[in-house]
Amino acid sequence: MNFNVIMAGGKGTRFWPLSRENRPKQTLPIAGESTMIQATLERIIPIAPPERTIVITGASHVDEIRFQLPRVPPENVIAEPAGRNTAPCVALAAMIVAKRDPGGIMAVFPADHVVTRPDELVHVARMLVNVLDKFPGSLGTIGIKPAYPETGYGYIKRGDDMAPSIFKVERFLEKPDAAAAAEYVKSGGYYWNAGMFFWRADTILKELDDAMPRLMKEMWPIRRAIGTDDFETVMREVYPTLESQSIDYGVMEKAGREGKVIVAAADPGWNDVGSWRSLYDLMEPDAEGNRARGKLIAVDARGVLAHNGNRLVAVVGVDNVVVVETDDAILVLNREKAQDVRQVTEKLRQMGMKEYL
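It should be emphasised that the depicted structure is a prediction, and the values quoted were computed from it without experimental measurement. (Residues numbered from 1 in each chain as written. Predicted model: local features only at pLDDT ≥ 70, side-chain atom pairs only at ≥ 80, totals over all residues. Heavy atoms only, no water.)

1. Quick word on empty space enclosed by the protein
No. 1: Taken as a whole and assessed by the stated rule, the structure comprises two cavities of 30 Å³ or more.
No. 2: Approximately 80 Å³ is the volume attributed to the largest cavity.
No. 3: Along the walls of the largest cavity sit Lys11, Gly12, Thr13, Trp16, Ser19, Arg20, Glu21, Thr345, Arg349 and Leu357, which together make up its complete lining.
No. 4: In terms of residue class, the lining of the largest cavity is built from two nonpolar, four polar and four charged.
No. 5: A volume near 40 Å³ is recorded for the second largest cavity.
No. 6: Around the second largest cavity, the lining residues are Thr40, Arg43, Ile44, Phe109, Pro110, His113, Val115 and Met196.
No. 7: Elements supplying a minimum of two residues to the lining of the second largest cavity: helix H1 (36–44) and strand E4 (105–110). (1 Å grid on protein atoms, 1.4 Å probe; cavity = no way out; pocket = protein on both sides within 12 Å on 5 of 7 lines; lining within 4 Å. Points joined across faces, edges and corners; volume = space filled by probe spheres on them. Nonpolar A, V, L, I, M, F, W, Y, C, P; charged D, E, K, R; others polar. Helix = DSSP H or I, 4+ residues; strand = E, 2+ residues; numbered from the N terminus.)

Following this line, the structure appears as structure tokens:
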């Protein structure tokens, strides 16, 4: 059987003040009328139905996500007592899937990305699933054909052909500088690493056992408690003590060097919407290159993004500015500094202003 896994544990700090600790990015309609996690579920239903969809999220967000995703069984929305990065998240999901079907194929997706051509994503996902049926020991991922030399993403270098548009992975590369990114795009043999993964439950558990034995040993009480009345108690006791590590660093990079990873090349209109600048790139501009979700008047101003509620935003004589307005906060920033918004949340925490987090 196929299963979907949605990783929904992010805090979305770079989308402050819209995104807050009790209402993170994935639960908000940042890029459309639906919330980001609702849009994620809708586009992956053709891969596996809601009853075979597992959502891993923060404990404080479980009720909201169950409300937003009524077709997903409530028991499939699993609470992380503390964020421990993606390796423990994947391990937990694989343990849950393996209880139902050890050979079940997992399609793993972040909850807070945008895909404007979902049919292309589903097509590529099905191709990967078919290849995994033939090569069950492989780990699969989707590589996004780069549209420009982005320095904010990791890259995947492809190797030998496996099937049409599917290749062996030669290696994973960290976020490059501008010159290296330009070379990657020019060569045509590199893809953006979008953090979408495909594998059998028993395969990824074995790879985790080999690559991260301490993590898996520490998670054994959780695995034993799945499906029992003790599960939530054991999760609260054990999960916050686990090693915090990404699945990319913990498993995928090593497995890539060993020739175990395959990549499907795709162009599904993907955007990780990682900052206000990313949202600017997604929205339709007016004649001056301004974008607005709300009422905006721009005078002698270009490249403006306004994300506001009922109040009018007016911008005069300032280019490339972002203005975000909520009931209790206003953010104004240079669009090129969008990655620095998380520093605001750090200062708020240092100053004890938790009511704004």
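Continuing now.
2. Here we look at the nonpolar core
No. 1: Leu92, Met106, Trp199, Ile204, Met219, Ile222 and Ile247 are the most contacted members of the largest nonpolar core, which totals 51 residues.
No. 2: Of all the elements, helix H3 (residues 86–100) adds the most residues to this core, at 11 residues.
No. 3: By size, the runner-up hydrophobic cluster in this structure holds 41 residues, among which are Val131, Tyr153, Ala194 and Met196. (Core = buried A, V, L, I, M, F, W, Y, C linked by side-chain atoms within 4.5 Å. Buried < 20%, exposed > 50% of the residue type's maximum accessible area, 1.4 Å probe, protein only.)

3. Quick word on the side chain of arginine 43
No. 1: Tracing the chain through its elements places arginine 43 in helix H1.
No. 2: No salt bridge is formed by the buried arginine 43; the nearest opposite charge belongs to aspartate 112, separated by 7.6 Å.
No. 3: Looking at arginine 43, its side chain comes within polar contact range of the main-chain oxygen of histidine 113, at 2.8 Å.
No. 4: Leave out the neighbours within four places in its chain, and arginine 43 touches His113, Val114, Val115, Pro118, Leu121 and Val122. (Lys, Arg positive; Asp, Glu negative; His and termini not counted. Salt bridge = Lys/Arg side-chain N within 4 Å of Asp/Glu carboxyl O. Polar contact = N/O pair within 3.5 Å; in protein donor to acceptor, adjacent residues only side chain to side chain. Contact = heavy atoms within 4.5 Å.)

4. Description of the packing of aromatic side chains
Each aromatic ring pair is summarised here by two numbers: the centre-to-centre distance and the angle between the ring planes.
No. 1: Evaluation of the coordinates by the stated rule reveals 10 aromatic pairs.
No. 2: On the numbers, 5.8 Å between centres and 90 degrees between planes, the contact of phenylalanine 109 with phenylalanine 198 is edge-to-face. Of this pair, phenylalanine 109 sits in strand E4 while phenylalanine 198 is found in strand E9 (residues 190–200), placing the two residues 89 residues apart along the sequence. Side by side, phenylalanine 109 and phenylalanine 198 carry an identical accessibility label, which is buried.
No. 3: The rings of Tyr148, Tyr153, Trp192 and Trp270 are connected pair by pair, giving a single aromatic cluster.
No. 4: Note that arginine 52 overlies the ring of phenylalanine 3, its terminal NZ or CZ placed 6.0 Å from the centroid. (Phe/Tyr/Trp six-rings, centres within 6.5 Å; stacked < 30°, edge-to-face > 60°. Lys NZ or Arg CZ within 6 Å of the ring centre and 35° of its normal.)

5. What to know about the layout of surface pockets
No. 1: A volume near 460 Å³ is recorded for the second largest pocket.
No. 2: Around the second largest pocket, the lining is made up of 22 residues, and of these Glu75, Val77, Ile78, Phe231 and Glu232 lie nearest the centre.
No. 3: At the level of elements, helix H2 (62–68), strand E3 (77–80), H3 and helix H9 (231–238) are the ones that each hand at least two residues to the lining of the second largest pocket.
No. 4: Taken together, the residues of the lining of the second largest pocket sort by class into 11 nonpolar, three polar and eight charged.

6. What about the sheet that holds strand E14 (residues 305–307)?
No. 1: Strand order in the open sheet formed by four strands is E12-E14-E16-E17, with mixed pairing between adjacent strands. At either end of the open sheet lies a strand with only one pairing partner, and these are strand E12 (291–293) and strand E17 (330–334). Ignoring which end each strand starts from, the neighbouring axes of this sheet average 5 degrees apart.
No. 2: Pairing analysis gives three bridges linking E12 to E14, with the strands arranged parallel. Note on E14: the bridge partner recorded for arginine 293 is histidine 307. (Pairing = 2+ DSSP bridges. Axes fitted to C-alpha atoms, helices over the stretch in contact; angles between N-to-C directions.)

7. A few points about the packing of H3 against helix H6 (residues 201–211)
No. 1: Between H3 and H6, the shortest axis-to-axis distance is 9 Å and the interhelical angle comes to 140 degrees. Between H3 and H6, the angle is such that the two are oblique. At the point where H3 passes H6, the crossing takes the left-handed sense. Contacts from Val90, Ala91, Ala94, Met95, Val97 and Ala98 of H3 reach H6 at Ala201, Ile204, Leu205 and Leu208.
No. 2: Per-class residue counts for the contact of H3 with H6 are 10 nonpolar, no polar and no charged. (Parallel < 35°, antiparallel > 145°, perpendicular 65-115°, else oblique. Left-handed = near helix turned anticlockwise from the far one by under 90°.)

8. Some thoughts on H1
No. 1: All buried positions along H1 are accounted for by Met36, Ile37, Thr40, Leu41, Arg43 and Ile44.
No. 2: Those residues of H1 that are buried are in contact with strand E1 (2–8), strand E2 (53–58), H2, E4, strand E5 (114–115) and helix H4 (118–134).

9. Some words on the pairing of E1
No. 1: Most of E1 sits inside the fold, with six of its seven residues counted as buried.
No. 2: As defined by bridge partners, E1 adjoins E2 across five bridges and the pair is classed as parallel. Residue pairing for E2: asparagine 4 is matched across the bridge by threonine 53.
No. 3: Taken together, E1, H1 and E2 form a β-α-β motif whose crossover is right-handed. (Right-handed = clockwise from strand over helix to strand, strands pointing away.)

10. Side note on the pairing of E3
No. 1: Pairing geometry for E2 and E3, over four bridges, is parallel. Opposite valine 55, over in E3, you have valine 77 as the bridge partner.

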